Amino acid sequence: MHRSLRLFATTLIAAASLFVTAAPGLATPVCTDGHGGGPPLAACGGRVFPESHATADYVQYLPQPGTDFREFQHGIEALAAMYPQWVSVYTLRDHYGTDDAVSAGPDRQISYWESDTGDGFDIWVIKLTDHEIPDEGKQTLLFSLSVHGDEKGGIEGGLRTVEDLAIAAEDGGKIADGVEGYESTTGVEPQIHEHEVADVLAQEAVYFVAYNIDGWVTGETTNTLTGDGSGTNVDRLPLYSRGNYRGTDLNRQMPTVGRINSSRNPLEEAEMLYGHRHMHEVADQGIDGLMAYGADVHGEGQSRAWADIMYPAGQFDSIKHRQLMAIAERTKSVMDDTLFLGVIDVIEENTGGDSGEGLEDSGAPRNTIMTKPARWGTVWDTLGYTDTGFIGDYMANELGVTGMDYEIALNHSDFRAYGRPWSVLLQENYINATRAIIKTAMAYALYQDDEFATFEIDTGGKAGYLFNPDTVTDTDEDGVGTLPGPAADGIGRNGEPVEQVPYDATPMRFFEDTSNHVAGGLDPVLPADVAADAAALDAYDSLVIADIVTPEDPEGRAYDVETYVANLKSWVEAGGNLILTDRALHLLDDLGVVETSAIDDINVYQPYANFTDFSHPLLAGLRPNARQLAEFTLIGYGIGNNASPMTTVTTSAWEGAGGTVVGTTGPGSGNSDDGSRTSVGEVPVGDGVIRILGGGLHMATEEQDHRYGLKDYSLTYTGLYILENAMKYDAPGIGVDAPDEGSAPGALPLLGLLPVLGAIGLRRRRPA
């Protein structure tokens, strides 16, 4: 996923001589025992796809010179012939009965264009299951392997993992959903399960697909074709390519809900047009119409870890977030236990430590040498950028119970250009990391629906939220706002009309979703009720106001704003816990905490906070690398240093009011934070407290191309935990101890309020 880094290339060239390499003279890395004319299994140590120490190069897609033997095709066909109960293979061309379901090919024409010459390559699918048991009722999983053709670990590890599992199914082998001994961030003690592979495959159908055959073929050592996938047409040393022959990054082709880069036409490339169709088919075959798991396995240049487990962006509730955290933690536990750290040792021994420990402190650039096996975090927090159209995010959001992206370090570029041969140590890590990804997910898929089935958030009291009936819809007075397409005229980059998907987005759905997992539920509180009765909030220990100061009343009642604010203040002073997010921080002036001049609406790359003290109760459960609060592309905001809104309070004013600083945020890229703006914190007011989260539950926007609609909310696990922790409060003298849902006076269910919106014709408005 990460683009090539010159520094990394230089570092690896210098270190290349340190790596153990395969002995020369190995003719092929694939042995099919005669199938397609391939070598005997004995030449590959008894395997079709041998271990890295018995391999000389990457698996080849094109025929071997002077023969009809195709390592990849004949290798997977050999597995299907050897293990027919467990393995089957097919092409998307045959599956859908059309020659359009292929790659672009060297002519760089999309297969369904009239100008295409029919030179596209087949996209193969490997299906792993117990074929003697009908698929109905099975969990389904899908792994995308090396969608960037220059990130080879996914396909190399995926092929060997398929063979591992087929052998294990025959011989009684087992897989586990983690390694014991780690402390979970989910709030639930992890239970590790081991399963017979045959039992797993009786309950699961697992699919493996390499979509970017073009990017693969460009790097073949036997390739005599021209063009490198970047739009040029020159003879050159064969190098694997990130994109297909048209230069398109296929990992930006998914129909992401939220902001879309108008310079792209999602699903235009045939690889992903039919790949997307196939993903949906796999999901539809799963339980409840969902994949149990969907993942995209990538490679990257530099990192502080051998594998970065990339937490997806999405509209995830408290349970799904914990399922995602659980699979990230479990996969990390396996990688931490199994990945080979020999490369670090070799570099250490040959450099005296100059390229190992303390590299960052020496003034050299960060992240050149890995210091740990695996870590997990958001894409932006880990890689330093984000985007839309990701395969893994799409599967995790729209098609799967869970899903993830993975980056395997030192596995991004083809260093044959620098004379670097096959490295056994590096390849072993690529392969074993992919094994951990696949096997852990398969094992956990049998447990993930049960692990948090009885999970409940205990707030210690009764929590409510101020209901804002405002929504962002495609049918209000502004229509869809910005039309799709580069010219915002409803016409795509290819000149064809773009259909706008309907939407009706409101962050209030976060509270509806969260209420299902909170003891006693969360009650919507109406602003007119607060203004009408000073005692209206006495049944609550906590109240959340998200992104607005004075919402309209959903029942259309007028209310006095000054009385509303005064009653909020008196409730806090009496012991209440008021939680303000996003632009609701402007209430701090009305409540007399800080002056208006101390409150700033700023713009950042993505909502984030740099935390000052992870022992603070608001940060309970967060890991030290937690930073990003939400992924605002999903609610329509763009990508760039000033793309996403947040609201902060000057730290001097906050501390002057007696406030505790928990997190700070600077405008822009995230590198400008000097601690002068507080975004997360709490301040005592009378006998109560006000807690702030400067970014996380903002109203969606229509200012960008959002052709596939808008999400309601997009908190990361960091933003979610801060809000959950903020609601944990037992107000002295008021509130109740988590009563049954709906027992508080005046409470109305959110679903009962939403139909009112159309009837009273409310308009979108900014905070008063």
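Thresholds, definitions, all that
- Residues numbered from 1 in each chain as written.
- Predicted model: local features only at pLDDT ≥ 70, side-chain atom pairs only at ≥ 80, totals over all residues.
- Heavy atoms only, no water.
- Buried < 20%, exposed > 50% of the residue type's maximum accessible area, 1.4 Å probe, protein only.
- Helix = DSSP H or I, 4+ residues; strand = E, 2+ residues; numbered from the N terminus.
- Pairing = 2+ DSSP bridges.
- Right-handed = clockwise from strand over helix to strand, strands pointing away.
- Phe/Tyr/Trp six-rings, centres within 6.5 Å; stacked < 30°, edge-to-face > 60°.
- Lys NZ or Arg CZ within 6 Å of the ring centre and 35° of its normal.
- Disulfide = S-S within 2.5 Å.
- Axes fitted to C-alpha atoms, helices over the stretch in contact; angles between N-to-C directions.
- Parallel < 35°, antiparallel > 145°, perpendicular 65-115°, else oblique.
- Left-handed = near helix turned anticlockwise from the far one by under 90°.
- Contact = heavy atoms within 4.5 Å.
- Nonpolar A, V, L, I, M, F, W, Y, C, P; charged D, E, K, R; others polar.
- Core = buried A, V, L, I, M, F, W, Y, C linked by side-chain atoms within 4.5 Å.

Caption draft 1: The pairing of strand E15 (residues 542–546), seen in detail. Among the five residues of E15, five are classified as buried, and the element is accordingly described as predominantly covered. Burial of E15 is two-sided: the residues Ser542, Val544 and Ala546 facing one way and the residues Leu543 and Ile545 facing the other way are all buried. Sheet topology note: the E15/strand E16 (residues 577–581) ladder contains five bridges and is parallel. Among the inter-strand pairings, leucine 543 is bridged to a residue of E16, identified as leucine 578. Viewed along the sheet, the connection from E15 through helix H16 (residues 561–573) into E16 turns out right-handed.

Caption draft 2: Molecular detail of the packing of aromatic side chains. Inspection of every chain in the model, using the stated rule, returns 22 aromatic pairs. Geometrically, the ring pair formed by phenylalanine 72 and tryptophan 216 is edge-to-face, given 4.9 Å between the ring centres and 65 degrees between the ring planes. One end of the pair, phenylalanine 72, is in helix H2 (residues 71–82); the other, tryptophan 216, is in helix H6 (residues 213–217), and 144 residues separate them in sequence. The same class applies to phenylalanine 72 and to tryptophan 216, which are both buried. Taken together, a centroid distance of 6.0 Å and an interplanar angle of 45 degrees make the contact between phenylalanine 143 and tyrosine 293 tilted. Taken together, the residues span a long stretch of sequence, with phenylalanine 143 in strand E3 (residues 139–145) and tyrosine 293 in strand E7 (residues 291–299) at a distance of 150 residues. Assigned by exposure class, phenylalanine 143 and tyrosine 293 land together as buried. Grouping aromatic residues by their ring pairs yields a cluster made of Tyr61, Phe72, Phe121 and Trp216. The aromatic ring of tyrosine 240 is capped on one face by lysine 152, whose charged end is 4.3 Å from the ring centroid. Between arginine 623 and the ring centre of tryptophan 376, over which it is positioned, the NZ or CZ distance is 3.9 Å.

Caption draft 3: Molecular detail of the state of the cysteines. Taken as a whole and judged by the stated rule, the model has one disulfide. Cysteine 31 shares a disulfide with cysteine 44; S-S distance 2.0 Å. Between cysteine 31 and cysteine 44 the sulfur-sulfur dihedral comes to about 65 degrees; the bridge is accordingly right-handed. Here cysteine 31 is found in the loop between helix H1 (6–15) and H2, whereas its partner cysteine 44 is found in the loop between H1 and H2, with 13 residues between them in sequence. Each member of the pair, cysteine 31 as well as cysteine 44, is classed as buried.

Caption draft 4: Examining the packing of helix H8 (residues 318–338) against helix H19 (residues 717–726) more closely. Following both chains from N to C, one finds H8 and H19 inclined at 130 degrees, their axes separated by 11 Å at the closest point. What the angle tells us is that H8 and H19 run oblique. Considering the relative orientation of H8 and H19, their crossing is left-handed. Where H8 approaches H19, its residues Ser318, His321, Arg322 and Met325 are matched on the opposing element by Tyr717, Leu720, Tyr721 and Glu724. Of the residues assigned to the contact of H8 with H19, the class counts are four nonpolar, two polar and two charged.

Caption draft 5: Structural context of the nonpolar core. Val87, Phe143 and Met279 are the most contacted members of the largest nonpolar core, which totals 153 residues. Of all the elements, helix H12 (residues 424–444) adds the most residues to this core, at 11 residues. If we skip the residues at most four places from it in the chain, methionine 279 touches Leu142, Tyr211, Met254, Met272, Met291, Ile391, Met395 and Leu399. Core analysis: the second largest hydrophobic core is formed by 39 residues, Tyr540, Leu587, Val683 and Ala731 among them.

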